Every structure is written in structure tokens, then in C-alpha cells.
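Below are the chains, spelled out letter by letter.
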2 protein chains.
Amino acid sequence: MAIPRLDFWYEFASTYSYLAAMRIEAAAADAGVEIGWRPFLLGPIFAAQGWSTSPFNIYPAKGRNMWRDMERQCEKRGLGLVRPETFPQNGLQAARLALIGNDDGWCPEFSRRVYVAEFGDGRNIADVDVLTEILREIGLDADAIWARAQSPENKARLKVETEAAIALGIYGAPSFVTADGELFWGNDRLEDALDWAKAKSA
Amino acid sequence: MAIPRLDFWYEFASTYSYLAAMRIEAAAADAGVEIGWRPFLLGPIFAAQGWSTSPFNIYPAKGRNMWRDMERQCEKRGLGLVRPETFPQNGLQAARLALIGNDDGWCPEFSRRVYVAEFGDGRNIADVDVLTEILREIGLDADAIWARAQSPENKARLKVETEAAIALGIYGAPSFVTADGELFWGNDRLEDALDWAKAKSA
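Residues numbered from 1 in each chain as written. Chains lettered and ligands numbered in written order. Predicted model: local features only at pLDDT ≥ 70, side-chain atom pairs only at ≥ 80, totals over all residues.

**Structural notes on the overall build of chain A**
Selection rule: Strands are runs of DSSP state E lasting at least two residues, helices are runs of H or I lasting at least four, and both sets are numbered from the N terminus onward. A radius of gyration in this sense is built from C-alpha atoms; the matching globule rule multiplies 2.2 Å by the number of residues raised to 0.38. Exposed residues have 12 or fewer other C-beta atoms within 10 Å of their own C-beta, buried residues have 20 or more, and partly exposed residues fall in between, where C-beta atoms are placed from the backbone. This entry defines residue contacts through backbone-placed C-beta atoms, with two residues in contact when those atoms are within 7 Å.
Check the secondary structure of chain A and you find 10 helices and 4 strands. Going from N to C terminus, chain A has its helices and strands arranged as β-α-β-α-α-α-α-α-α-α-α-β-β-α. In terms of overall dimensions, chain A is globule-like: its C-alpha atoms have a radius of gyration of 16 Å, near the 17 Å expected for 202 residues. When its C-alpha atoms are laid out on the principal axes, chain A stretches across 45 × 45 × 35 Å. Out of the 202 residues belonging to chain A, those deemed buried represent 38%. Look at the contacts in chain A between residues 6 or more apart in sequence, and 70% of them connect residues 24 or more apart.

**Describing the interface of chain A and chain B**
Rules: Following the grouping adopted for this structure description, the nonpolar residues are Ala, Val, Leu, Ile, Met, Phe, Trp, Tyr, Cys and Pro, the charged ones are Asp, Glu, Lys and Arg, and the polar ones are all others, Gly among them.
Tallying the contact residues gives 13 residues for chain A and 13 residues for chain B. Broken down by element, the side of chain A that touches chain B gets its largest block of residues, 5 residues, from helix α4 (residues 60-77) of chain A. Each residue belonging to the side of chain A that touches chain B can be placed in one class, and the counts come to 5 nonpolar, 3 polar and 5 charged.

**Concerning the sheet that holds strand β1 (residues 5-10) of chain B**
Residue and element names in this part refer to chain B. Rule in force here: Pairing between two strands is assigned when DSSP locates at least 2 bridges connecting them. Between N-to-C directions, angles span 0 to 180 degrees; the directions come from axes that are lines fitted to C-alpha atoms, helices contributing only their stretch in contact.
Strand order in this open sheet of 4 strands is β2-β1-β3-β4, and the pairing throughout is mixed. The open sheet has two edge strands with one neighbour each: β2 (34-39) and β4 (183-185). Mean inter-strand twist for the sheet, computed between neighbouring axes without regard to direction, equals 25°. Alignment of strand β3 (residues 175-178) against β4, held across 3 bridges, turns out to be antiparallel. What sits directly across from Ser-175, in β4, is Trp-185. Each of β1 and β2 is contacted by helix α1 (residues 15-31), which is oriented at about 165° to β1, the strand it contacts most.

**Focus on the packing of helix α5 (residues 92-104) of chain A against helix α9 (residues 152-167) of chain A**
All names here are of chain A. Just so we agree on the cut-off: Convention used here: angles under 35 degrees read as roughly parallel, angles over 145 as roughly antiparallel, angles from 65 to 115 as roughly perpendicular, and any remaining angle as oblique.
Where α5 contacts α9, the two axes come as close as 10 Å, and the packing angle between them is 100°. With respect to their mutual orientation, α5 and α9 come out roughly perpendicular. Contacts from Ala-95, Arg-96, Leu-99 and Ile-100 of α5 reach α9 at Asn-154, Lys-155, Arg-157 and Leu-158. Of the residues in the contact of α5 with α9, the class split is 4 nonpolar, 1 polar and 3 charged.

**Description of unusual backbone geometry**
Trans is the prevailing form of peptide bonds, just as negative phi is the prevailing case for residues other than glycine. The amide bond that connects A:Ala173 to the next residue, A:Pro174, takes the cis arrangement and shows omega of 0°. Within the secondary structure, A:Pro174 is located in the loop between α9 and β3 (175-178). Omega for the peptide link from B:Phe87 to B:Pro88 comes to -5°, which places this bond in the cis form. Looking at where B:Pro88 falls in the secondary structure, it is placed in the loop between α4 (60-77) and α5 (92-104).

**Some words on the environment of A:Lys200**
Residue and element names in this part refer to chain A. By the secondary structure assignment, Lys-200 is in helix α10 (residues 190-201). Its 12 C-beta neighbours within 10 Å are what place Lys-200 among the exposed residues. Distance from Lys-200 to Thr-178, taken between C-alpha atoms, is 8.8 Å for residues 22 residues apart in sequence. If sequence neighbours within four positions are ignored, Lys-200 has contacts with Thr-178, Ala-179 and Asp-180.

**A closer look at the environment of B:Val130**
All names here are of chain B. On the secondary structure map, Val-130 appears in helix α7 (residues 128-137). Remark: the alpha-carbon pair of Val-130 and Glu-118, spanning 12 residues in sequence, is separated by 9.5 Å. With residues near it in sequence (within four places) discarded, Val-130 still touches Ala-117, Arg-123, Asn-124 and Ile-125.

**Some words on the relation of the copies chain A and chain B**
Each of the two chain copies can be brought onto the other by rotation about an axis and movement along it. Our working rule: The copies are overlaid by a least-squares fit using only the C-alpha atoms of residues whose pLDDT is at least 70 in both copies.
Here chain A sits on chain B after a turn of 180° about the axis and a move of 0.0 Å along it, with an RMSD of 0.0 Å. These values place the two chain copies in the arrangement generated by a two-fold rotation axis. Residue A:Asp188, judged by its C-alpha, is the member of chain A lying nearest the rotation axis, at 3.6 Å. Interface overlap between copies: 100% of the residues of chain A at the interface are likewise at the interface in chain B, consistent with a symmetric, same-surface contact.

**Re α10(A)**
All names here are of chain A. Our working definition: Take the residue count of a helix, subtract one, and multiply by 1.5 Å to get its expected span. By definition, the arc is the one covered by directions from the helix axis to the C-beta atoms.
An ideal rise of 1.5 Å per residue puts 16 Å on 12 residues; α10 measures up with 17 Å between its terminal C-alpha atoms. Every buried residue of α10 is accounted for by Leu-190, Ala-193, Leu-194, Trp-196 and Ala-197. Summarising the axial view, the buried residues of α10 lie within an arc of 160°, below the 170-degree limit, and thus occupy one face. Check the buried side of α10 and you find it contacts β1 (5-10), α1 (15-31), β3 and β4 (183-185).

**Section: the sheet that holds strand β2 (residues 34-39) of chain A**
Pairing between the strands of a sheet comes from backbone hydrogen bonds, and it takes one of two forms, parallel or antiparallel. Residue and element names in this part refer to chain A. One open sheet holds the 4 strands; their spatial order is β2-β1-β3-β4, and the pairing between them is mixed. Whereas interior strands pair on both sides, the edge strands pair on one side only; in this sheet they are β2 and β4. Across the sheet, the mean angle from the axis of one strand to that of its neighbour is 25°, orientation sign disregarded.

**Looking at the pairing of β1(A)**
Residue and element names in this part refer to chain A. For clarity, the cut-off: By convention, orient the strands away from the viewer: a clockwise path from the first strand over the helix to the second makes the crossover right-handed.
Along β1, 5 of the 6 residues are buried, which leaves the element largely enclosed by surrounding structure. As paired elements, β1 and β2 share 6 bridges and run parallel to each other. Within β2, the position partnered with Trp-9 by the bridge is Arg-38. One crossover worth recording links β1 to the parallel β2 by way of α1, and it is right-handed. Bridging between β1 and β3 involves 4 bridges; their strand directions are antiparallel. Note on β3: the bridge partner recorded for Asp-7 is Val-177.

**Things to note about the pairing of β3(A)**
Burial along β3(A) is two-sided: A:Ser175 and A:Val177 facing one way and A:Phe176 and A:Thr178 facing the other are all buried. Counted along the chain from β3(A) to the antiparallel partner β4(A), the turn is 4 residues long, and its residue A:Gly181 has a positive phi close to 85°.

Written out as C-alpha cells, the structure is:
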């Protein structure tokens, strides 16, 4: 029997993607499911529906409750939460790096560290120095990786990934998509998505 | 020790309020929490942020996934789901009736029956005949209740309730609010809200 697979589509600016990133590998291991880490950009998707920033900024009551909910969720899960000065942060460079991480096998570790820097420590992940520090912390040759991340091919790849997300029906993050194309939106649906992935491969 | 209380703010047009309405009394009984049923209208709240219909209609990808998610959730919970021809439906009359139900003690039963008619059977709850039928099914004098529901005092009361919802920070439905003002949004947060209500009254 093939190992069931679930794609985890995430945006580095997304608060609930932080919650999902920090728990998905343990949950997937329990379920016997393999996770595909799929960084993408929500910015173009939001822009296409007329939003120039996060809906949590556009709709203040929704935004207030999101941050309060994040406080409660992070406390429950033992995760740090420092609200960054800037929200949403520009996750473009982090996403380009994460794609290289997928080629080399360090994407999950890198992505978790980016989320902890951003939402656990309140740092600015649009700052290349912050990202360079993370690359070095996991023992990588930062200069070589930056060069690959900034190549025209890799930039194009991120655009293709974002187009692929739209084609799958994705409109927010995190989203989970099974091999048979079933889309689940939101950290709260991770367990349902893992169950679906398992049931369909059984 | 006082019995902890949780207010359940719901809108009759809301799909996820259907899920919450059908399970909240059992979950609350398990938790030893008393539920306040608080019907309100999302229309004025949506209108104030520039929406003339449900965000599930305004953003098609979000709407498609909501209906698919409802199919999965209803199947998991053993609830019927027939997508109504009109969405969202106008829940104004149902909400006015439900307030009378709060005075007389039949609000939960009435509200569940309205949701089953709307989302379980795909009927139109803006149709007064559908609502009258429900009132009669639960053994009530429909004419007398309609007269009270349409009184100027009761119409004003629903407006006051909707203003109270806004003052609590509510921007969607279902929402749950504890006695100490903690707001939880969405059917997925019912358990957290019950836990909070219990912990704060302990």
C-alpha cells in the first residue's frame, strides 16, 4: 500500500499557518500520512478579489478576535505568541527559500523556524538578515541558497505554485489538499484532512 | 456555585450556526453549562462593512469550499443537508419569533426546527407559512405568537440584540460569549467556549 499523502499549503504571513506548521508533522506521523510542504503566496489571491491587505486588517472586529483566538490557541498548545509590529509580513523571500528547501530536504525545519521568528518572537521575516540567520542556524550555506532562491527559475516556480493553489480552489491558508483533490481550509481541519487522506488510500 | 452560562449568538441564515444549534445543548449538558439562545441579524453587520450578501457569495472559492465542508461536516454528524435554492435566506421573521420563544421557553426547539427546515430540507424560512407550520408542530398558537412577534416592541428588541452583538465584538455566526465577555467565533470553537465558561465560574 502506498503511503497516503497530504499537501499542506501555507503562506508565511498567515497566523493560522503557524499553528498548523508547528503540529502537522506529529499529527501526520500519528496518522501514517506523508506531508508535502507547499509554500505559496496569498497576496495575489487576495489582490484578485480586491483586497490590498489581510482581511484581518480590513475587518477590525474580525482581526481583534483573530489575535485573541491566537493567544488562546498558542497558550493551549504551548506556543509563543508575540504580535509582530507589521502584519501581514511579506513572506515572498521566505517562500522562495522554502522551495529550495523542498529540493534539499530542509523545508519543514526552515519553515517552522521562520514561523517561530515571526509569531513566536515578533521578528520581521521580510528582513533578509533574519532569514539568513535561520539558514545558518540549520547549518546551511546561506549565500549559495540565496543565489538559488533568487534565480529566475525559482521565482517563476513560486508563481506556478500560487497558480496551482488557485486551480485547486485555495483561497486562504493553511489549506490541506488530498491526492484525490479534496480541499480542507484552516488549521481546525487538519485532522479531518488526515483522516480523508488515510481513508482514500486504504 | 452558580451554573456557568454561555451565550450562543446565531443567525438563521448561517450554515455553521445550523451545525452549532444541533449539538450545543448536548455539549452544554456534558459540560454543565447553561446556554442563552441569542438570535440576531448579521445583515446589518455585513452591510456596515460594505457587503450586500454573504461573503460565501461574494467570494466564490470560499463559498464552494464552505458547501463542500458542510457536506462533510453534516455527514460526520448525521445531519441532513439540502442546499437551499436561495442563500442566504432572510431570517428576520424567524429571529423575531425566536425572541418570543425565549420569553416562553420554546426558543431552542423552534430554532432547531427552523434550521432543519432550511438546511436539512432545503425549505425557504423567509416564507411565513413554513414558520407557521413549525410553530404548530410544536403545539403553539401560531396566530397569537405572530402578533407578539410583529409588535413594535419585539421588532425593536431584535435591533437592540443586534446592537448588543456588535458591542460584544461579534462579526459572524455562530459566536459564543462567556459571562466575562470572552468571544469565540465559529462552530469549531464551541468546546473551547464551554471550557472557558466552566473554568471562569469554578
